[in-house]
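Fold and contact review
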Amino acid sequence: MAVRLRGSPLHGPLAAAAAAELRLSGVCVRLGDRLALHDISMEVARGAFVGLIGPNGSGKSTLLRAVLGILPLESGSIEVAGGPPGEARDRFAYLPQRGQLDVNLPLRARDVVMMGRIRRTGWARPLRGEDRQIVDWALELVRLSDRRNAPFRELSFGQQQRVLFARALAQQGSILLLDEPMNGVDPRTQELFVELLRGFHGEGKTIVMATHDLTQAAAICDNLCVLKQRLVAYGPVDEVLTEDVLSEAYGVHLHFRPGAAAPGHLLGDVHHHESGD
Amino acid sequence: MLDWLTDPLSFRFMRLALAEAVIVGAVAGLLGTFVVLRGLAFVGDAIAHAVFPGVVIAFLAKVSIFLGGAAFGLLTAAAISGLSLTRRIREDTAIGVVFAGAFALGVVLISSSPGYTRDLTSLLFGDVLAVTDTDIYLSAIVGGAAAAVALWLRRALLLVAFDREMALALGLPVFWLETGLLLLVTLAIVVALRTVGNVLVLAMFVTPAATARLLVEDVGWMMALSAAIGAAAGVVGLYASWHTDLAAGGMIVLTATCFFAAALLFAALRGRFWRRAATPTAEAA
């Protein structure tokens, strides 16, 4: 049985494949009086594409934020490329979950993307020509070059999400941390993101993506990590997506067969269940 | 017609007042951009009121009003910043309690002064016609420095305002940037007190910036335009006050308010106002 249920040690094909880019050992994170992550130990190999799944409140965002060094750990440790997260900020490209943005600010699409450069440029230094080139490059990748001067607030939701994706790319990190990047976006944007992510995966970038969409995660990720405060399972897609694991994580009986005829029905169930949380 | 413009300039106090009004208008307009974009209007009003006892004490002790105001202002800004770290009391409630109490203290203190009513009026509503050379140098140096620091940090301040999560992820010192902005706004408020007084000072920060926000869709232009509107309101308001023989501070703020009303009308006519009211919708769930 290659699926490692919670608490079990991490060895095997994944850890051996390449140097670990992220290493979490016994990570606990407390949010208020709630233990949001409990004893998470896992490694993400360089170049891996990991889908982070689990019901709402299972700690997906918390895990990403802990890796970014935003949240303090209650116990345990995190290493990014062998060092503490705080020293690895230049390695990340981060797309946070939507919700806290103040879209009323008078910012154009390119101003938002430029924010991703603030660390590389130095936040109190003037912009350089290089920064502008990278912003143009990032907007080109998300196919919004023609909207670069459009006010951010006047873009559609999907276009805004593409701008935020471009902002993450402008960070020029080798580790992409994406928090539900495709939530609520239009199909074209979704298609574009999948295509881009496949490209970055091919280039050897490390990707960790929190998502609700099991079908999509199964289709594009090579490893899945199932969270429910604890690590429920972590490993290659086909080994993780079993009835046992899903029912433990989601608390409902789910059948999942990758490539099955009607995954939409299954996902509808999962989504419905989650939104009720 | 030309006399209308040149007559006031033959008086030295009027020349000084104009210089002060331009400096204060520009500095407040520039920093006001951040006040408006961060939604700090209430906090700014609280600071403006909370510095009042400091101003009164300095006034009664015959030392610089600026010093008294700055001391209480920095104290208030630190207190507000500290309050933001605890989640025990709602922040706005705590601020409300503190600033009303401080303001009352100021009123009680000034009531001990012999020229009570006149002094109170000049402190509450400003006395720009009484500014001295020293006042202007102080305003130019302190206000200019506050504006320069805000300009220097504008990209970081904007990122914190737009997306705090990303600012944290990028390792910006978010707490210190927020505290720093509060301190800059406080210094600018204290600088502006002399011109429009404790009660009206917030208008110098909020009204020009809100006016600029209606007209442009770019933070850089918004800052520039807001500073220009603030300075223009100072000059036009002073002239209006001179020729009507009405309160200078009030006239300056009323002028800014008229600019705002005109911009609102203009924006509405342009259709911008209405289009902006529409929010982007999710294309597909």
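What counts, and where the lines are drawn
Along each chain, residue indices are assigned from 1 in the same order as the chain's sequence is written. Key to labels: chains lettered from A, ligands numbered from 1, both in the order written. Since the coordinates come from a predicted model, pLDDT governs what is reported: local features require at least 70, and pairs of side-chain atoms require 80 or more to be given and counted, while whole-chain, interface and lining totals use all residues. Where helices and strands are cited, they refer to DSSP runs of H or I of at least four residues and of E of at least two residues respectively, numbered from the N terminus. Based on C-alpha atoms, the radius of gyration is set beside the globule rule, defined as 2.2 Å times the residue count to the power 0.38. The contact criterion used is a C-beta to C-beta distance within 7 Å, with each C-beta placed from the backbone. Per residue, pLDDT measures the predictor's confidence, with a range of 0 to 100. Any residue with 12 or fewer other C-beta atoms within 10 Å of its own C-beta is exposed, any with 20 or more is buried, and the rest are partly exposed; the C-beta atoms used are placed from the backbone. Directions pointing from the helix axis toward each C-beta atom define the arc. For two strands to be treated as a pair, DSSP must find no fewer than two bridges joining them. Interaxial angle, 0 to 180 degrees, is taken between N-to-C directions of lines fitted to C-alpha atoms, where a helix line uses only the stretch in contact.

**Some points on the overall build of chain B**
The secondary structure content of chain B amounts to 14 helices and zero strands. For chain B, the succession of helices and strands along the chain, N to C, is α-α-α-α-α-α-α-α-α-α-α-α-α-α. For chain B, the C-alpha radius of gyration of 20 Å lies close to 19 Å, the compact-globule estimate for 285 residues. If you line up chain B on its principal axes, its C-alpha atoms span 65 × 50 × 30 Å.

**Let's talk about the overall build of chain A**
A count of helical and extended segments in chain A gives eleven helices and nine strands. Restricting the contact set of chain A to residue pairs at least 6 apart, pairs at least 24 apart contribute 67%.

**Thoughts on the environment of Arg-162 of chain A**
Residues and elements named next belong to chain A. Mapped onto the fold, Arg-162 is located in helix α6 (residues 157-170). Taking the C-alpha atoms as reference, Arg-162 lies 9.1 Å from Leu-192; in sequence the two are 30 residues apart. In this view, Arg-162 contacts Val-142, Leu-144 and Thr-189; residues no more than four positions away in its chain are not counted.

**With respect to the confidence of the model for chain A**
All names here are of chain A. Residues with a pLDDT of 70 or more make up 84% of chain A, whose mean pLDDT is 85. Per-element averaging of pLDDT across chain A places helix α11 (residues 263-275) at the bottom with 41 and strand β7 (residues 206-210) at the top with 97. Here residues 1-17 scores under 50 on pLDDT; set against residues more than four positions off or in separate chains, the count is 30 contacts. Predicted confidence is poor over residues 260-277, with pLDDT under 50, and the contacts of this stretch with residues over four places away or in other chains come to 21 contacts.

**Points about helix α10 (residues 243-250) of chain A**
Residues and elements named next belong to chain A. For α10, the complete set of buried residues consists of Val-245, Leu-246, Ala-249 and Tyr-250. End-on, the buried residues of α10 take up no more than an arc of 105 degrees, which puts them together on one face. For α10, the exposed residues set more than 90 degrees away from the buried face come down to Glu-243 and Asp-244.

**Looking at the sheet that holds strand β9 (residues 230-236) of chain A**
Strand pairing in a sheet is mediated by backbone hydrogen bonds. Such pairs are either parallel or antiparallel. All names here are of chain A. In space, the six strands of this open sheet follow the order β5-β6-β7-β3-β8-β9, with mixed pairing throughout. Strands at the two margins of the open sheet, each flanked by one partner only, are β5 (92-95) and β9. Mean inter-strand twist for the sheet, computed between neighbouring axes without regard to direction, equals 15 degrees. In terms of strand pairing, strand β3 (residues 49-53) meets β7 through four bridges, oriented parallel. Directly across from Val-50, in β7, lies its bridge partner Val-208.

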